[in-house]
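What the coordinates show
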Amino acid sequence: MMKRKSISAGKASLVLVLCQMISALDVPLDSKLLEELLQPPTITQQSPKDYIVDPRENIVIQCEAKGKPPPSFSWTRNGTHFDIDKDAQVTMKPNSGTLVINIMNGGKAEAYEGVYQCTARNERGAAISNNIVIRPSRSPLWTKEKLEPNQVREGDSLVLHCRPPVGLPPPIIFWMDNAFQRLPQSERVSQGLNGDLYFSNVQPEDTREDYICYARFNHTQTIQQKQPISVKVFSTKPVTERQPILLTPTGSTSTKVELRGNVLLLECIAAGLPTPVIRWIKEGGELPANRTFFENFKKTLKILDVSEADSGNYKCIARNILGSAHHVISVTVKAAPYWITAPRNLVLSPGEDGTLICRANGNPKPNISWLVNGVPIAIAPEDPSRKVDGDTIIFSHVQERSSAVYQCNASNEYGYLLANAFVNVLAEPPRILTPANKMYQVIADSPALLDCAYFGSPKPEIEWFKGVKGSILRGNEYVFHDNGTLEIPVAQKDSTGTYTCVARNELGKIQNEVHLEVKDPTMIIKQPEYKVIQRYGQVSFECIIKHDSTLFATVIWLKDNEELPDDERFLVGKDNLTIMNVTDKDDGTYTCIVNTTLDSVSASAVLTVVAAPPTPAIIYARPNPPFDLELTGQLERSVELSWIPGDENNSPITTFVIEYEDGLHEPGVWHYQTEVPGTQTTIQLKLSPYVNYSFRVIAVNEIGRSQPSEPSEQYLTKSANPDENPSNVQGIGSEPDNLVITWESLTGFQSNGPGLQYKVSWRQKDVDDEWTSVIVANVSKYIVSGTPTFVPYEIKVQALNDLGYAPEPSEVIGHSGEDLPMVAPGNVQVHVVNSTLAKVHWDPVPLKSVRGHLQGYKVYYWKVQSLSRRSRRHVEKKILTFRGNKTFGMLPGLEPYSSYKLNVRVVNGKGEGPASPDKVFKTPEGVPSSPSFLKITNPTLDSLTLEWGSPTHPNGVLISYILKFQPINNTHELGPLVEIRIPANESSLILKNLNYSTRYKFYFNAQTSVGSGSQITEEAVTVMDEVQPLYPRIRNVTTAAAETYANISWEYEGPDHANFYVEYGVAGSKEDWKKEIVNGSRSFIVLKGLTPGTAYKVWVGAEGLSGFRSSEDVFETGPAMASRQVDIATQGWFIGLMCAVALLILILLIVCFIRRNKGGKYPVKEKEDAHADPEIQPMKEDDGTFGEYSDAEDHKPLKKGSRTPSDRTVKKEDSDDSLVDYGEGVNGQFNEDGSFIGQYSGKKEKEPAEGNESSEAPSPVNAMNSFV
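Residues numbered from 1 in each chain as written. Predicted model: local features only at pLDDT ≥ 70, side-chain atom pairs only at ≥ 80, totals over all residues. Heavy atoms only, no water.

The next thing to look at is the confidence of the model for the chain. Looking at the chain, the pLDDT average stands at 83 and 85% of residues meet or exceed 70. Throughout residues 1026-1030 the model reports pLDDT below 50, and contacts reaching past four residues in sequence, or to other chains, amount to four contacts. Within the model, pLDDT remains below 50 along residues 1158-1268, and this stretch shows 303 contacts once partners closer than five positions in the same chain are excluded. (pLDDT = per-residue confidence, 0-100. Contact = heavy atoms within 4.5 Å.)

This part takes up unusual backbone geometry. A cis amide bond, omega -5°, links Leu168 with the succeeding residue Pro169. For the bond running from Thr248 to Pro249, omega is -5°, close enough to zero to count as cis. Structurally, Pro249 can be placed in the loop between strand 20 (242-248) and strand 21 (253-259). Despite not being glycine, His397 shows a phi value in the positive range, around 50°. Position of His397 relative to the elements: it lies in the loop between strand 35 (392-395) and strand 36 (404-412). By relative accessible area, which is 56% here, His397 ends up exposed. (Helix = DSSP H or I, 4+ residues; strand = E, 2+ residues; numbered from the N terminus. Buried < 20%, exposed > 50% of the residue type's maximum accessible area, 1.4 Å probe, protein only.)

Glancing now at the environment of Thr275. On the secondary structure map, Thr275 appears in the loop between strand 23 (269-273) and strand 24 (277-282). On the basis of relative accessibility, which here comes to 23%, the residue Thr275 falls in the partly exposed class. Remark: the alpha-carbon pair of Thr275 and Arg242, spanning 33 residues in sequence, is separated by 9.2 Å. Non-local contacts of Thr275, meaning those with residues more than four positions away in its chain, are made with Glu187, Arg188, Ser200, Asn201 and Asn320. Among the polar contacts listed, one links the side chain of Thr275 to the side chain of Asn201, at a separation of 3.1 Å. (Polar contact = N/O pair within 3.5 Å; in protein donor to acceptor, adjacent residues only side chain to side chain.)

Here we have three strands laid out as an open sheet, ordered 57-58-61, and antiparallel in their pairing. What marks the edges here is a single partner per strand, and that holds for strand 57 (627-632) and strand 61 (682-686). The average undirected angle you get between the axes of adjacent strands in this sheet is 25°. Across five bridges, the pairing between strand 58 (residues 638-644) and strand 61 is antiparallel. Pairing of Leu641 across the sheet is with Ile683, part of strand 61. (Pairing = 2+ DSSP bridges. Axes fitted to C-alpha atoms, helices over the stretch in contact; angles between N-to-C directions.)

Turning next to the sheet that holds strand 37 (residues 415-425). As summarised here, the arrangement of the five strands in space is 29-37-36-32-33, forming an open sheet in which the pairing is mixed. The open sheet has two edge strands with one neighbour each: strand 29 (346-348) and strand 33 (375-376). In this sheet, strand 37 lies alongside strand 36 in antiparallel orientation, the contact comprising nine bridges. Paired with Tyr406 across the strands is Ala421, a residue of strand 37.

Under the definition given, this model contains 24 aromatic pairs. A ring pair is formed by Trp842 and Phe882, whose centres lie 6.0 Å apart and whose planes are at 50°; its orientation type is tilted. Separated by 40 residues along the polypeptide, Trp842 in strand 73 (residues 837-843) and Phe882 in strand 75 (residues 878-883) bring together distant segments of the chain. Ring centres of Trp948 and Phe1004 lie 4.7 Å apart, and the angle between their planes is 45°; on these two criteria the pair is classed as tilted. On the criterion of sequence distance, the pair formed by Trp948 in strand 80 (residues 944-951) and Phe1004 in strand 84 (residues 999-1007) is long-range, its members being 56 residues apart. Taken as a pair, Trp948 and Phe1004 share a single burial class, namely buried. Members of the aromatic cluster, connected to one another through ring pairs, are Tyr660, Tyr693, Phe695 and Phe749. The aromatic ring of Phe888 is capped on one face by Lys839, whose charged end is 4.6 Å from the ring centroid. (Phe/Tyr/Trp six-rings, centres within 6.5 Å; stacked < 30°, edge-to-face > 60°. Lys NZ or Arg CZ within 6 Å of the ring centre and 35° of its normal.)

The subject of this paragraph is the pairing of strand 54 (residues 576-579). If a strand is regular, its side chains alternate between the two faces of the sheet. Sheet topology note: the strand 49 (residues 539-542)/strand 54 ladder contains four bridges and is antiparallel. Bridge pairing in strand 54 places Glu542 opposite Asn576. Note that strand 53 (residues 570-572) and strand 54 share three bridges and pair antiparallel. Counted as the bridge partner of Phe570 is Ile579 from strand 54. Between strand 53 and the antiparallel strand that follows it, strand 54, lie three residues.

Okay, structure coming up:
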């Protein structure tokens, strides 16, 4: 029989599990193979179990599955069949089981509350989803109540109750004042977990009339506020101090139940004067390290990821100088079911055996039940090959009809787990997936791995032959891997040839040939040598190589491990490096590196540069080598070496370097052992076992190193167990179904004896499993096949030789192979910020579906067409990568008035996952670029003809052109300015009734509904009579600007002259203009070094023609590229502008609240129209401003001095500047001090409900920005 890598058997109790692991088939991820094999359905994506939906949006219940043939889908609702064909509001996505319930066109979310379950079915079985509970979110209005002012004596305690309305999910509570500032909190004043505001003792500064409690409802994106509460503190002298009493919880004891894995929050708030300090202890134990945190000035104890071990009594102690009070909270930790071993898919061949195991734990212990194809197994059709034994199903002698999908349900009173696992019985003849006649090339004396990837059912037997009629390969010189790979640990020249892999099972046989070529190693037969050269001399290093004639070799020279200096003094020849005119900077180490496609070798030499000696001069040189080396006192692990120094050559010896050669493992290679001071000539050397030592000594002085001494006699030490294990042990899968364990092999020097091998052990982390071990030859890699995709493994590699094992190795954590992500990011939303910037949001994909290390998300976006031209062009997709688990990003550099598409993909170490559905968005109009040209022709006594071209970038729909012109007198003074508006469809105009023999300056620009674009200027002169006068002029100055440069060209009419000159500067700047001289034979120049995104003015003049120059032109350089991603929030002008806007809004808010300090509703409206000036748009992202407000009852805009709305509901709409962004939550956040730092993505405006029955806040209709 063929020798294969063996796996240790393990204990007898694991025979059944090992049988499953060995007998179950592994299906390779070969796309052609996967398309042909039948497979039961597998649920790949589904909505969460508890699915709270926005009642204003369409409900999307996800259910995606794969299988062969593709599965069909059906749904149940509240346990009965859900016929979607009978409900016009419900549709199912094509080739998918995902339901879309149309709420936005008349449906009511409340009508679709219930429990939904999806079934995916094909001829091989049926998989089912979790029970998905659909509930619409609710944000009821605050109950109207009359609040009496609180009269409190100084030093007394006080509790201000919030009592928010009960919503789904519960709201987030925070307290603010009328100025929308977070109320300061401290050890004395703080908010409890129930939202109430607690005062341990009140002080006179607590007097105010605007204590306001806010409730933020995440799903409906609304903020509601309670009526302001008034507190008046009156003083009594003296103030009585009080010992602590607990405001919450009450009594001396209480109980709390928390679930495993959740966050445990315990709270104690005390009254007293001075303010009590809170301390927490756990009776009979310690608070868990690294998971315990104190919040709310130590009034709240927070323990992360609680487990059953965290159960017990927790005591809080409140203390001040007068005494203390305490409360004991008895905590019990229960647990919803969690997996110990989830059932895994099983692929078997007819007649084979296997098991499905479903093990879960919880508190209380969960109940395990089985279903088959969605039906309880007790009432499912019987299968004689199946036997249910509690949490295990045992399959014996399966047949193709045994294929099915099994469901395991583990449940207790706190929840349930549901897992699908299919049994797929396949009968397939062998197939070899490795390409035929594949060529492998290796260097002699290195390992060779010949692949034979295969599949078949039953699992084929693999045999290897060499040559066409060769015998089967056996013996210790070959290693046969379970995945079919043939390994030759040490390939020799005679290993070259053709190898045949044969795969056979009872259904057939197939073979495949591959070829192996063993190449000669590359060698440096003449290495560079140590050189000492005088300054300004010439030196040469040799590097003569020998390599396999069929390989191409390249030689690279390095100096001090870096590229050679870019200096013509360095001459690289075929076999040498020559340095001319040597300087002190050339001192260093020079390395010759030889590379082929299969191997690489190198050799180094040191160059020492010395000064030329004076005449007469003392000759300083490297010392002569030591001699007469002698070994004495030989022991198993040590020996004494002595020597006689050579001549110092006028420079004292500072150091002796001792080197050794291992004649047994690396003959001819010398290694550094140690070094001793130059005054010492003997040393006791520590030795390693199983090494044939020779020693040599090198003397060192200030000039350099001597030649090595002659080697000492040889000394062979005895063998021993290895002292160390391999280093750099790693486990990284190369395929989704394997784990590649690699390590740095021990050297022969480290082996300590003959027969070096490695014991490789692994087991899946966090699974109650035994170690699996295998002993391999002296290699550095082992491949474990048949692993689940991207799961952690504990790994250890132990060295052993003929005398025994090395010490027990440490464990490392590795992961099996990554696979491409399964799921595309969902809920992709695009918010267009302005005409050139958009923000994209997406929901993160579940980490389990990433199937690898999450690296980030990629956003692909491209322009589909310009909305003004309606002409498509070549699609150039742009990609922005957002590292980590980000869920939003900005898309800069968009073109105005254009249609774009984008999609989002998740990225792991294997690559990109599937793209989300393309999202279409449109940018609004912007101002146009300048007209492409302006020509003035046909001058007469009183008229000029103007011709122009439309803007290159209209950025919208052109509505007109604006022409302005004015006369210029002989002293260059400008006359009155005349303005003419020209229809957008015109391209020429005849100006009449002009003054004769007069120069006019023209300003011309295009206009969209957003505003006017940049203008182009030109000058022209009416004639004195009908004969065109001869005069010099420069006209048709045109500019073509890029990001950092611009091309300026012009036309000249007039007498010859020597040179032109071009003057230019930043428009509106007081800086001096720059001047460039241009040869008179040229009519263009390129201006370089410009600032991106900046407007410049330019004119052209002719030297020698005093006072004569062209009309002034204006151009703008292109914006900086999107990849630079300049953060606008860090720009000085932006910060100043935002501060001014914030101050103005604050003043207006104070005026509003002074006029009426009552509860109200602040709905948030859409942003200002797209054509508004972007300089005064509402602030984005983190700029901290409020949004837009309106009176929700009459839908009329607020005016200055208007009264505040009565119910004070704040609701999220299309604005990014909404109050909804305040507070903690999914889409917005606020700092601990209460300042706004977020924004919300918008929702479509809904019609307000009639009457008082609606629980939703009315929609906003007008912007607060109208105040300014």
